[in-house]
Amino acid sequence: MAVYRSIVILTGAGISAESGLRTFRAEDGLWEDHPVEQVATPEGFARDPDLVQRFYDERRAQVLAAEPNAAHQALGRLDREFDGDLLLVTQNIDDLHERGGAERVLHMHGEALSAWCRACDARHPWQGSLRDGPACPSCGAVAMRPDIVWFGEMPYQMERIFSALAGADLFVSIGTSGAVYPAAGFVQQAADHGARTLELNLERSAGSHWFDETRLGAASELVPQWVDEVLRA
Ligand SMILES: [Zn+2]
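About the criteria used
Residues numbered from 1 in each chain as written. Predicted model: local features only at pLDDT ≥ 70, side-chain atom pairs only at ≥ 80, totals over all residues. Heavy atoms only, no water. Donors = N, O, S within 2.8 Å, 3.2 Å for Na, K, Ca; no water. Helix = DSSP H or I, 4+ residues; strand = E, 2+ residues; numbered from the N terminus. Buried < 20%, exposed > 50% of the residue type's maximum accessible area, 1.4 Å probe, protein only. Expected span 1.5 Å × (residues − 1). Arc of directions from axis to C-beta. Contact = heavy atoms within 4.5 Å. Core = buried A, V, L, I, M, F, W, Y, C linked by side-chain atoms within 4.5 Å. Phe/Tyr/Trp six-rings, centres within 6.5 Å; stacked < 30°, edge-to-face > 60°. Lys NZ or Arg CZ within 6 Å of the ring centre and 35° of its normal.

A. Inspection of the coordination of the zinc ion at higher detail. For the zinc ion, the full set of protein donor atoms is Cys-117 (SG), Cys-120 (SG), Cys-136 (SG) and Cys-139 (SG), and the range of their distances to it is 2.3 to 2.4 Å. Summarised as a motif, the one-chain spacing of the donors to the zinc ion is C-x2-C-x15-C-x2-C. Here Cys-117 is found in strand E6 (residues 110-117), whereas its partner Cys-139 is found in the loop between strand E7 (123-125) and strand E8 (144-148), with 22 residues between them in sequence. For Cys-117, a relative accessible area of 0% translates into the label buried.

So, in structure tokens, the structure goes:
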């Protein structure tokens, strides 16, 4: 087994599904029975802010009630014990990677437990409701929205992600459908720069043919096995 110096990991809905969290499904365009245009676009928020705030209030409560699973714990162990470069990019808005012990985490689609003030641009850790219009702790304005990247908005820290992909010698995708860009293109970016590419997923994804290797199964089984391999090498 090769010894890697720089690993980029992308995680998606599949890793949190085993902790009971559901997310947007590309196949039918629904998220918890709501059309994504209604709850995950700036237009939907402008049309019915109360409904959208209530939706994310519920997501926030679900995240707080969920627990990290064996896959999150294994990646936390990798982050602690792997002494090369590591970047864990997640499409998930929950904090289960952090509670699983990982620190080098980048939330490209935002975070359920964060509120973003549109008046002063400050972001605040947030566990309660936004529906009742709390004032921003920084500026006092009543202008906070979920700190979530909606469809039509730019994912966070793309430059940092592409720079990490360009320097990676291993790219691993865990529990993602391979259907939502720009994340679906990361495997090609990494491969173009010479990285080995590995997919761990429940079933073959739309992007499976781009990977050097695909392993099929539950993240809670595949990820701990893979982390053992990397740390033993
Ligand atoms: Zn503010």
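After presenting the structure, the write-up continues.
B. Focus on helix H4 (residues 49-65). Between its first and last C-alpha, H4 extends 24 Å over 17 residues, near the 24 Å set by a 1.5 Å rise per residue. Three or more residues of H4 are buried, namely Leu-51, Val-52, Gln-53, Phe-55, Tyr-56, Asp-57, Arg-59, Arg-60 and Val-63.

C. Helix H7 (residues 158-167), seen in detail. Those residues of H7 lying buried are Met-158, Ile-161, Ala-164 and Leu-165. The buried residues of H7 occupy one face: seen down the axis, they fall within an arc of 125 degrees. Across H7 from its buried face, at more than 90 degrees, point the exposed residues Glu-159 and Ser-163. Elements that come into contact with the buried residues of H7 comprise strand E1 (6-11), strand E4 (85-90), strand E5 (105-107), strand E9 (170-174) and helix H8 (186-192).

D. View of the nonpolar core. If you look at the biggest cluster of nonpolar residues, it comprises 24 residues, and the most contacted ones within it are Ile-7, Ile-9, Leu-75, Leu-78, Ile-174, Val-223 and Trp-226. Secondary-structure elements contributing two or more residues to this core are E1, helix H5 (70-81), E4, E9, strand E10 (196-201) and helix H9 (219-232). When sequence neighbours within four positions are dropped, the list of residues in contact with Ile-9 reads Leu-75, Leu-78, Leu-86, Leu-87, Leu-88, Val-89, Val-172, Ile-174 and Trp-226. Counting 19 residues, the second largest nonpolar core, distinct from the first, contains Leu-21, Val-39, Tyr-56 and Trp-150.

E. Focus on the packing of aromatic side chains. In total, this model carries 7 aromatic pairs according to the counting rule given. For the ring pair Tyr-56 and Trp-150, a centre distance of 6.1 Å and an interplane angle of 45 degrees mean the geometry is tilted. Pair noted here: Tyr-56 is in helix H4 and Trp-150 is in the loop between E8 and H7, with a separation of 94 residues, a long-range link. Overall, Tyr-56 belongs to the buried group, its relative accessible area being 1%. Members of the aromatic cluster, connected to one another through ring pairs, are Trp-31, Phe-45, Phe-55, Tyr-56 and Trp-150. It is Arg-123 that lies over the ring of Trp-116; its NZ or CZ is 4.6 Å from the centre.

F. Structural context of unusual backbone geometry. Its identity is not glycine, yet Asp-33 carries a phi of approximately 75 degrees, on the positive side. Relative to the assigned elements, Asp-33 resides in the loop between strand E2 (30-31) and strand E3 (34-35). For Asp-33, a relative accessible area of 63% puts it in the exposed group. Phi is positive for Gln-157, close to 55 degrees, though the residue is something other than glycine. With respect to the helices and strands, Gln-157 occurs in the loop between E8 and H7.

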